[in-house]
Amino acid sequence: MLYALTCNDKPDSLDLRMKVRPNHVAFLTDLNDRGILKIAGPFLDADEKPCGSLVIIKADDLAQAQSIAARDPYAIAGLFASVEIRPYNWVFNNPEG
């Protein structure tokens, strides 16, 4: 099953995001190499600066999706004010569909 992780950064945390970004990208690259990552990218604020993330992953169940989300270096660094994890059905433009 696919899960959408909607992550909102804490206010005024762009410096932290940029500092941790290399580890975050390495984490996502590993997920991608293992076929777990489907889509990922930042949300942008009015100034087109990153202010959150959308990550869609493949997981066996919600518990596994939560475990993956908790291992993200951004989450470990305390970047996120909130993270919502919901089952996701990729209908249009799904390359696997």
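Please refer to the structure higher up on the page.
The shown structure was predicted, so the numbers you read here are calculated from the model rather than taken from an experiment. Throughout, residues of each chain are indexed from 1 in the direction in which the sequence is written. Under the rules for a predicted model, residues below a pLDDT of 70 receive no local features and side-chain atom pairs below 80 are neither given nor counted, while totals for whole chains, interfaces and linings still include all residues. Excluding hydrogens and water, the side-chain figures rest on all heavy atoms present in the structure.

Chemist: Is there a simple way to explain the overall build of the chain in this structure?
Modeler: Each helix is a run of DSSP H or I of at least 4 residues and each strand a run of E of at least 2, with the numbering of both proceeding from the N terminus. Across its full length, the chain holds 3 helices and 4 strands. Put simply, the chain runs from its N terminus to its C terminus through helices and strands in the order β-α-β-β-α-α-β. When the backbone C-alpha atoms are referred to their principal axes, the chain occupies close to 40 × 25 × 20 Å. Classification of residues uses two cut-offs on accessible area relative to the type maximum, computed with a 1.4 Å probe and protein chains only: under 20% is buried, over 50% is exposed, and between them is partly exposed. For the chain, buried positions account for 32% of its 97 residues.

Chemist: Whenever I open this one, unusual backbone geometry confuses me. Can you help?
Modeler: It is generally the case that most residues other than glycine have a negative phi and that most peptide bonds are trans. Of note in the backbone geometry, E48 takes a positive phi value of approximately 60° without being a glycine. Structurally, E48 is set in the loop between β2 (37-44) and β3 (50-58). In the Ramachandran plot, N93 falls in the positive-phi region, its phi being about 60° despite a non-glycine side chain.

Chemist: Looking at this model, I keep getting lost on the packing of aromatic side chains. Mind explaining?
Modeler: Geometrically, a pair of aromatic rings is defined through the distance of the ring centres and the angle of the planes. Only centres within 6.5 Å qualify two rings of Phe, Tyr or Trp (six-membered ring in Trp) as a pair; their planes then separate them into stacked at under 30 degrees, edge-to-face at over 60, and tilted for everything else. Using the criterion set out here, one finds 1 aromatic pair in the structure. Between the aromatic rings of Y74 and F80, the centroid separation amounts to 6.0 Å while the plane-to-plane angle is 90°, which identifies the pairing as edge-to-face.

Chemist: How should the pattern of salt bridges be read in this particular structure?
Modeler: Side chains that differ in charge, positive against negative, can pair when their charged atoms come close. The term salt bridge refers to a side-chain nitrogen of Lys or Arg lying within 4 Å of a carboxyl oxygen of Asp or Glu. According to the stated counting rule, one finds 4 salt bridges in the structure shown. Put simply, D9 and R17 hold a salt bridge, and the shortest N to O gap is 2.7 Å. Comparing D9 with R17 shows no difference in burial state: the two are buried. Salt-bridge contacts for D30 lead to R34; the nearest nitrogen and oxygen are separated by 3.1 Å. The exposure class assigned to D30 is partly exposed, which follows from its relative accessible area of 37%.

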